[in-house]
Amino acid sequence: MKPFRSCLAILLGLCLSSFAATPDAKIAMPKSSDPQLEFTLIASEPQIVTPIGIAIDKRNRLFVVESHTHHRPADYKGPETDRVKVFLDTNGDGIPDTPKVFAEGFKTAMNLVLSPADELYLVHRSGVVLLHDADGDGVSERSTKIVELVTTTDYPHNGLNGIVFSRNGWLYLGIGENFSAEYTLRGTDGSEVHAGPGRGGKVFRCRADGRELQEVATGFWNPFGLELDRAGRLFCVDNDPGGRPPCRLLHVVPGGDYGYKRRYDDTHVFNGWDGELPGTLPMLKGTGEAPCGVISTDRLALPAGYAGSLLVASWGDATIELYRLKPLGGSFSATKENLVVGEKKFNEAFCPVDFAAAPDGSLYVTDWADRTSYPVHGKGRIWRLAAKKGVKVEPPTHEQPLAETNAAALRFQRLLAADSPKQIDELKSALTDADPFIRSAAITSLAKPAYRDAALKAADDADAAVRLGALSALWRGQAADPVPLIRKHLSDPDERVRFLALWWAGEDGIKALANDLSRAVAQEPTPTLFQAYLASAEMLATDASVPASRAALTKPPVPVRQQLLASILYDDKQPAALHAMAAATVSTLTDAKTAERLLHFARNGDTKLRQEAIRTLAACPHADVPGVLKSLALDTKLTSSLRADAILSIARRDATQLPALTELLNDSEPHVQLETARALRLAMSEAPVRMALQDKLASLSDTSSALAEQLQFALTSSAAKRPATPAEWRKAVAVGGDAESGRRVFHSVQTGCTMCHQAEGRGTSIGPELTNVARSFDRAKLIEAILDPSREVAPQYEHHIVETKSGTTYSGVLVHIGLDGSPLINALGTGRQRIPTAQITRHTTSPLSMMLFGLENTMTVHDFRDLLAFLLTGK
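Residues numbered from 1 in each chain as written. Predicted model: local features only at pLDDT ≥ 70, side-chain atom pairs only at ≥ 80, totals over all residues. Heavy atoms only, no water.

Peer 1: How would you explain the packing of helix α14 (residues 607-616) against helix α16 (residues 640-653) if you had to name every residue and give the values?
Peer 2: Running from N to C, α14 and α16 point in directions that differ by 10 degrees, and their axes come no closer than 9 Å. Classified by the angle between their axes, α14 and α16 sit roughly parallel to one another. Here α14 and α16 pass one another in a crossing that is left-handed. Across the interface between the two elements, Thr 607, Arg 610, Gln 611, Ile 614 and Arg 615 from α14 touch Ser 641, Leu 642, Asp 645, Ala 646 and Ser 649 from α16. A class-by-class count of the residues in the contact of α14 with α16 yields three nonpolar, four polar and three charged. (Axes fitted to C-alpha atoms, helices over the stretch in contact; angles between N-to-C directions. Helix = DSSP H or I, 4+ residues; strand = E, 2+ residues; numbered from the N terminus. Parallel < 35°, antiparallel > 145°, perpendicular 65-115°, else oblique. Left-handed = near helix turned anticlockwise from the far one by under 90°. Contact = heavy atoms within 4.5 Å. Nonpolar A, V, L, I, M, F, W, Y, C, P; charged D, E, K, R; others polar.)

Peer 1: I'd like a description of the nonpolar core, backed by residues and values.
Peer 2: Judged by nonpolar contacts, the single largest core of 124 residues is most densely connected at Tyr 172, Tyr 258, Phe 270 and Trp 504. A total of nine residues in this core trace back to one element, the largest contributor, which is helix α9 (residues 527-541). The contacts of Phe 270, once residues within four sequence positions are left out, are Gly 259, Tyr 264, Leu 277, Phe 499, Leu 502, Trp 503, Ala 532, Ala 535, Ser 536 and Met 539. One finds Val 49, Met 110, Tyr 121 and Tyr 183 within the second-largest nonpolar core, a separate group that totals 49 residues. (Core = buried A, V, L, I, M, F, W, Y, C linked by side-chain atoms within 4.5 Å. Buried < 20%, exposed > 50% of the residue type's maximum accessible area, 1.4 Å probe, protein only.)

Peer 1: Can you explain the pattern of salt bridges? Please cite residues and give values.
Peer 2: Applying the stated rule across the entire model yields 47 salt bridges. The residue Arg 262 makes a salt bridge to Glu 177 at a minimum N-O spacing of 2.9 Å. In this pair, Arg 262 sits in the loop between β19 (248-252) and β20 (285-286) while Glu 177 sits in the loop between β12 (170-175) and β13 (183-186), placing the two residues 85 residues apart along the sequence. By relative accessible area, which is 9% here, Arg 262 ends up buried. A salt bridge links Arg 233 to Asp 229, with the nearest nitrogen and oxygen atoms 2.8 Å apart. One salt-bridge network, in which partners are shared between bridges, spans Arg 615, Asp 645, Glu 675, Arg 678, Arg 681, Glu 740, Arg 743, Arg 744 and Asp 863. (Salt bridge = Lys/Arg side-chain N within 4 Å of Asp/Glu carboxyl O.)

Peer 1: Break down the environment of Ser 587 for me, citing the residues and quoting the values.
Peer 2: Structurally, the position occupied by Ser 587 is in the loop between α12 (576-585) and α13 (592-603). Residues Ser 587 and Pro 79 lie 508 residues apart in sequence; the distance between their C-alpha atoms is 53 Å. Polar contacts involving the side chain of Ser 587 include one to the side chain of Gln 562, which spans 2.8 Å. (Polar contact = N/O pair within 3.5 Å; in protein donor to acceptor, adjacent residues only side chain to side chain.)

Peer 1: So what about the environment of Arg 779? Which residues, and what values?
Peer 2: With respect to the helices and strands, the residue Arg 779 is situated in helix α22 (residues 779-787). Measuring from C-alpha to C-alpha, the distance between Arg 779 and Leu 872 comes to 7.2 Å, with 93 residues separating the pair along the chain. Those residues within four positions of Arg 779 in sequence are excluded, and the remaining contacts are Val 733, Ala 734, Val 735, Gly 736, Arg 865, Leu 868 and Leu 872.

Peer 1: Account for the packing of α22 against helix α23 (residues 861-871), with residues named and values stated.
Peer 2: The contact between α22 and α23 brings their axes to 11 Å, and the two run at 125 degrees. By the angle class used here, α22 and α23 are oblique. Handedness of the crossing formed by α22 with α23: right-handed. On α23, the residues that touch Arg 779, Leu 782, Ile 783, Ile 786 and Leu 787 of α22 are Phe 864, Arg 865, Leu 867, Leu 868 and Leu 871.

Peer 1: Give a description of helix α21 (residues 739-746) that names residues and reports values.
Peer 2: Counting buried residues along α21, six of its eight residues qualify, which places the element largely inside the surrounding structure. Those residues of α21 that sit buried are Ser 741, Gly 742, Arg 743, Arg 744, Val 745 and Phe 746. Taken together, the buried residues of α21 touch α14, α16, α17 (670-680), β28 (758-759), β29 (762-763) and α23. Where α21 begins, one side-chain oxygen reaches toward the backbone nitrogen of Glu 740, 3.0 Å away; that side chain belongs to Asp 738.

Peer 1: Which residues make up the sheet that holds strand β25 (residues 352-357), and what values go with them?
Peer 2: The strand order β2-β27-β26-β25 describes an open sheet built from four strands, whose pairing is antiparallel. Whereas interior strands pair on both sides, the edge strands pair on one side only; in this sheet they are β2 (37-44) and β25. Shown here is a sheet whose adjacent strand axes are inclined to one another by a mean of 25 degrees, direction ignored. The pairing of strand β26 (residues 363-367) with strand β27 (residues 381-387) spans five bridges and is antiparallel. If you follow Val 365 over to β27, its bridge partner there is Trp 383. (Pairing = 2+ DSSP bridges.)

Peer 1: Which residues make up the sheet that holds strand β18 (residues 234-238), and what values go with them?
Peer 2: Taken in spatial order, the four strands of this open sheet run β17-β18-β19-β20, and their pairing is antiparallel. What marks the edges here is a single partner per strand, and that holds for β17 (223-228) and β20. The sheet contact formed by β17 and β18 spans five bridges and is antiparallel. By the bridge assignment, Leu 228 is partnered in β18 with Leu 234.

Peer 1: Describe in detail the pairing of β18, supporting the description with residues and values.
Peer 2: Here β18 lies mainly inside the structure; five of its five residues are buried. Burial along β18 is two-sided: Leu 234, Cys 236 and Asp 238 and Phe 235 and Val 237, pointing in opposite directions, are all buried. In the sheet, β18 pairs with β19 via five bridges, with the strands oriented antiparallel. Looking across to β19, one finds that Val 237 is bridged to Leu 249.

Peer 1: Outline the pairing of strand β9 (residues 127-132), supporting the account with residue identities and numerical values.
Peer 2: Across the six residues that make up β9, a large majority, six, are buried. Of the two faces of β9, the one lined by Gly 127, Val 129 and Leu 131 and the one lined by Val 128, Leu 130 and His 132 are each fully buried. For strand β8 (residues 120-124) and β9, the ladder comprises five bridges, and the chain directions are antiparallel. In the strand pairing of β9, His 124 is matched with Gly 127. Turn length for the β8-β9 hairpin, with the two strands adjacent in sequence and antiparallel, is two residues.

Peer 1: An account of unusual backbone geometry is needed here, citing residue identities and associated values.
Peer 2: With an omega dihedral of 10 degrees, the bond running from Glu 45 to Pro 46 counts as a cis peptide bond. Take Pro 46: it is sitting in the loop between β2 and β3 (51-56). Of note in this structure, Gln 478 is not a glycine but carries a positive phi near 55 degrees.

Written as structure tokens, this is what we have:
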């Protein structure tokens, strides 16, 4: 890396004229929700393009990372490398206005930070450098390497990215999930941290000169923005969670585990996101889409009422979000407000990235300016947020240390520092605390070698919470010979302990325990424990416990899981709940024995077991399935939900069987009538079906009902007063809906949702998993995602199109690229396909989502409302 410039570049930089930005007609001004504040444009292209990190020194010089290498297109005309530009205040008004190039020669530069000594540090994907300007001329003449990342992966923004300095000189760094590749992070004194394949993102720290490198916390996806408040508490924004929304605002504590590992699929039972897993910590609050920057309001001069809060730059939602913190145990709770809201046009948007506080307490914000383009694109903005003239403000207080006074937080610190045998009872008591941060501190300390024997003893405690915490500590501390310990706890009376034992055995690949795993589900398990059992058994039957790549992990061999499921299905001694879980999961439906077992369950057993069997039979080719499903649909003694599910399964399996169900249009159960009408839309070529629908519609007195609309839609492909524009659709589906009916809409042939998505364990894993989509998408955002699916496509769901010499075209998402360059595509219709490089004639990406435009045209208004109601149940 050579952060120095040619003579020509220097001259060009010095010759740039002073720039006092005036809003271009095409630049929509973001608006502040606080009338006391004003948001003004400071710079835009060509003075600044695709800016990322930003920092302002004590001399009021504004430094900005100008990216030219982030997914650089082949025809991009900009500089060959990334730059750091510096803006100087040349007219004395206190606002930096004139840019020049401070340093260049970087690749995938991400963020900037100033040390307590006002020295400028730059973090790029593969390391951290200190940029020297010894003569103070605004040009960096050399750089010093502080930290180096050694790995085989080079994706721009999931390596090193977040960076912040503590008041006492510790440099904190965030690293993303690195596409599952192992890596070594090295400091200047030989200190290093190695992370094996499949781990999640981490936070590290080192001294300002790169010494004493050490891990702080783990379990992140991509901790892109870091901040320390007045009390030295560390916060981060963790972005792009794929199928496990939402993005997160986190309070980062030493030893904290925030649950995520790249080795697993995003919704895998062993991947946590909000403290669901034993020993992991929850988020403070879900944020908007793709948060990149976070800053304490105590760095700013703002009106009263903002002290002690955090601002977050939500790149994907075009907002600057305000989070007000309230102490909660050893951490905080948070409430969210939108402080600044900008335009979200297709290719001209407000995309805030990073923040910097100026000496006068104003806030500077970098803006990527195009939410549809991850590649560099030649646009960019810098904005300034400040109090309006005449508004009384409170001065910045960030540099005034704040002593911790929260009793729970002080207890956390005491627990974390524990090192005496006399403190074991205090640690054990902490393991039973309701506060996950207190429990985390106790686990971190019990994992120390000095407490190894005490932790082993605590693993046999009468209190299940103590056993759970002790077992977590022993795993974290890499207990010697864990086999007897785990084997014993696979039969623990507490399900949480059994879950942890399964997780430990599977993730660490302890094959000696393969035959013991069934102990964990011998007692009637919950669905979560059942999935943990299947996952652990898969890992011990394969080499997936030590993956070479994400691809090795996301598709374990089918026979392993299916053998386990079959052994449960065929065992009459198993409880109905376990049979139901197996029936919902099994996929070897061409096997006659499995089909006959599912048919038996569909006709007999409790409601939940029959329901799961009926739903699974939709994909079963056995000859007896149509007759059984028809008899269930016609059986008026069954619940309306079971009968409607049987109708849906017939429609999904073989639409030619549907004409025999026309009599159900007159059934006494509304759900049965509605599902019949929806299903019969697939059989409109049959004259008797059309006649039955016409007769039913003519008999209805309420022509605005869901059934009437469904019949009208079937007969005319459009219903009366059907919305014609996106605005009309938004208004029509703004409220209402039946979640039970919506689940069947989701699984219907007409919408095709399950071609790409999963929900509640059923469907196809190509697009985002939607079981928990309501954690990050409200009703309005779901409506937008359906009406305009290409408006926002996360990078992991980018649409790849691969054409081969044989004439076959694969359309799907990229899972992995092999060492030989061959892509693994999760393709529509065919699933995962490894395509040899020699067979590829063209491999392109499309800005359009794989989700078809016009999904609303496959639904009635009631269907759309019902679908939303179903999706919004998953929190």
